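Close look at the chain arrangement
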Amino acid sequence: MYLRITPVDSWFFRDGRPFHLGEATSDVGGLFPPSAFTVVGAIRAHLARSMGWREGKWSEEICRVLGDGYDLAGLRFRGPLLCREGDRGPEMLYPAPLNLLGKRNDSGYEMRLLRPGEEVECDLGRVRLPTAEKIDGMKQLSGYVNGDQLKQVLRGEVPEGRVIPRKELCGTEYAVGLERERDTRTAKEAHLYSINRIRLVRGVHLIMGIEGIDEGLLEKLDGAVMPIGGEGRMGCVEMLSPGKGVSEIRQEIGPIDGRVRFTLVHITPAFLGRWPRPGESIPGVPGEVVSACVGRALRIGGWDSVNRRPVELKPFIPPGSVWFCEAEADELNDVMSVSRIGEYTGFGFGEIALGIW
């Protein structure tokens, strides 16, 4: 089952920068889509309230159903992803793969796909760096692609159309907050802050998949209005019919000359602990890494609502990153069974799409 979450107003999702009382930090925010920890936390908190919780630690009964902290009991989530209302109904959007380059020309947009080139000597040793022909003047495309475009990339084809820029889906609003002394109504010392809020374009939503939940409890989410993110800002929740607007992205893979050459495209951020180098394996994935297009680490933490403090920030592989891998032909079934990698996959992290190169 998938949940569609629509903002009542703007949202605030803090990024990895410090945001503590008394620290000279400004313009915090801008992490969007929010981390799965944030969205899952909002959903579980709403469900806990529907079971009678108001504040403090959860009861044993609530923990048995919803888990506690990193323990999700029987729950399992997918996402969050972006969705846009289109002419054919809801359209899922995915981060543009980082092996996609492009530039504007007279006829529109020209794009190329990177793939492993010949071995070269560099500071990593002799490795196959990603390359392509006729890429002069091109740059990595940031933004989103729809399901059809992602399938073309997974087939090793240049997608038709254009990459959807982020500004067509959401905008950033600068806001200043100030706490005042209750008695004098003057500014309270060290309580001035500035943040960046996210405002979605009309028709754009967050999508979150949820599994392993009791049907009666799931109904409490349909039509709910719940706090999500910072400042207690609200979101409306609706259930989407199974399969509606949500497509499984998967490319059939076959061996060539006794080897399986495949790509792993990150749909959501992933935490691997240690990022593999060429010639090494990705945990849980057969074969070895040949090359990669990986973005700058996304530092994701969370909020400990019981102890009222942020949790440790960890470096996550950003969505859109691409691993070029190779495995033996007899490992094909194991390759095809890979759908998530890394830790915290129950929250929705580490979701990948398989392709070929």
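One can find the structure itself at the top, above this paragraph.
In this report, we go over the structure that sits alongside the text. Once a new chain begins, its residue numbering starts again from 1 and follows that chain's sequence as written. At least 70 in pLDDT is required for a residue's local features to be given in this predicted model, at least 80 for side-chain atom pairs to be given and counted, and no such filter applies to totals for whole chains, interfaces and linings, which use all residues. Note: side-chain values were computed over all heavy atoms of the structure, leaving out hydrogens and water.

1. Topic: the layout of surface pockets
One water molecule sets the probe size; rolling that probe over the atoms shows where empty space is left. When its volume is computed, the second largest pocket comes out at roughly 820 Å³. As defined here, a cavity is a set of points on a 1 Å grid over the protein atoms alone where a 1.4 Å probe fits but cannot get out. A pocket is an open set with protein on both sides within 12 Å along at least five of seven lines, and residues line them when an atom is within 4 Å of a point. Taken together, 36 residues line the second largest pocket, and the ones lying closest to its centre are Phe 32, Tyr 144, Arg 166, Leu 298 and Pro 319. Listing elements by their share of the lining of the second largest pocket, those giving two or more residues are β3 (76-86), β4 (89-95) and β18 (298-304). Helix numbering and strand numbering both begin at the N terminus, where a helix is a DSSP run of H or I of at least 4 residues and a strand a DSSP run of E of at least 2. Considering every element that reaches the lining of the second largest pocket, the biggest residue donor is β3, with 4 residues. Polar here means any residue outside two lists: the nonpolar Ala, Val, Leu, Ile, Met, Phe, Trp, Tyr, Cys and Pro, and the charged Asp, Glu, Lys and Arg; Gly therefore counts as polar. A breakdown of the residues in the lining of the second largest pocket according to their chemical character gives 21 nonpolar, 11 polar and 4 charged. Grid points are joined across faces, edges and corners, and a volume is the space filled by probe spheres set on the points.

2. A word on the packing of aromatic side chains
The description of an aromatic ring pair uses the distance of the two centres, along with the angle that the planes make with each other. A pair of Phe, Tyr and Trp rings is counted when the ring centres sit within 6.5 Å of each other, with Trp represented by its six-membered ring. The angle between the planes then sorts it: under 30 degrees is stacked, over 60 is edge-to-face, the rest tilted. Taken as a whole and judged by the stated rule, the model has 15 aromatic pairs. Residues Trp 53 and Trp 58 carry aromatic rings whose centres are separated by 6.1 Å and whose planes lie at 70 degrees to one another, so their mutual orientation is edge-to-face. A ring pair is formed by Tyr 70 and Phe 347, whose centres lie 6.3 Å apart and whose planes are at 75 degrees; its orientation type is edge-to-face. With Tyr 70 in the loop between α2 (60-66) and β3 and Phe 347 in the loop between α5 (332-336) and β21 (352-356), this pair connects stretches of sequence that are 277 residues apart.

3. Quick notes on the nonpolar core
Residues belong to a common nonpolar core when they are buried Ala, Val, Leu, Ile, Met, Phe, Trp, Tyr or Cys residues joined through side-chain atoms within 4.5 Å. Each residue is placed in one exposure class: buried if its accessible area under a 1.4 Å probe, protein chains only, is under 20% of its type's maximum, exposed if it is over 50%, and partly exposed if it falls in between. In terms of nonpolar packing, the biggest core is built from 45 residues, with Phe 32, Ile 43 and Leu 221 touching the most fellow members. Secondary structure elements with two or more residues in this core: β1 (2-7), α1 (36-50), α2, β3, β12 (187-200), β13 (204-211) and α4 (215-219). Per element, the largest residue contribution to this core is 9 residues, and it comes from α1. Setting aside anything within four residues of it in sequence, one finds Ile 43 in contact with Leu 3, Phe 77, Met 208, Ile 210, Leu 221 and Met 226. Counting residues in hydrophobic clusters, the runner-up holds 30 residues, among them Leu 81, Cys 293, Phe 324 and Ala 353. Pairs of residues are marked as contacts when any of their non-hydrogen atoms sit within 4.5 Å.

4. Things to note about a nonpolar patch on the surface
Judged by side-chain polarity, Tyr 174, Val 176, Leu 178 and Leu 192 come together as a nonpolar surface patch covering roughly 450 Å² of accessible area. For the nonpolar patch, the element with the highest residue contribution is strand β11 (residues 170-180), accounting for 3 residues. Within the fold, Val 176 resides in strand β11. Under the relative-accessibility criterion, Val 176 is labelled exposed at 55%. For patches, a residue must show more than 30% relative accessible area and have no salt bridge; joins then use 9 Å for like charges and 5 Å for nonpolar side chains, namely Val, Leu, Ile, Met, Phe, Trp and Tyr. What sets the accessible areas is the Shrake-Rupley method with a 1.4 Å probe; for residues, cover comes only from the shown protein chains. Within this document, salt bridges are pairs made up of a side-chain nitrogen of Lys or Arg and a carboxyl oxygen of Asp or Glu, the two lying within 4 Å of each other.

5. Some points on the pattern of salt bridges
A side chain of one charge can pair with a side chain of the opposite charge when the charged atoms of the two come close. In the structure shown here, the tally under the stated rule is 20 salt bridges. The salt bridge partner of Arg 199 is Glu 173, with a shortest N-O separation of 2.2 Å. Of this pair, Arg 199 sits in strand β12 while Glu 173 sits in strand β11, and the two are 26 residues apart along the sequence. Judged by its relative accessible area of 35%, Arg 199 is partly exposed. A salt bridge links Glu 231 to Arg 197, with the nearest nitrogen and oxygen atoms 3.0 Å apart. On the criterion of sequence distance, the pair formed by Glu 231 in the loop between β14 (225-227) and β15 (234-240) and Arg 197 in strand β12 is long-range, its members being 34 residues apart. Glu 231 sits in the partly exposed class, given a relative accessible area of 36%. The network of salt bridges with common partners includes Asp 9, Glu 173, Arg 197, Arg 199, Glu 231 and Arg 233.

6. Observations concerning the pairing of strand β7 (residues 115-122)
As defined by bridge partners, β7 adjoins strand β8 (residues 125-131) across 6 bridges and the pair is classed as antiparallel. Across the sheet, residue Arg 115 finds its bridge partner in β8, namely Thr 131. The antiparallel pairing of β7 with β8 creates a hairpin that spans 2 residues between the two strands. Between any two strands, pairing holds if DSSP finds at least two bridges.

Interpretation note: all reported values are geometric properties and have no functional meaning in isolation.
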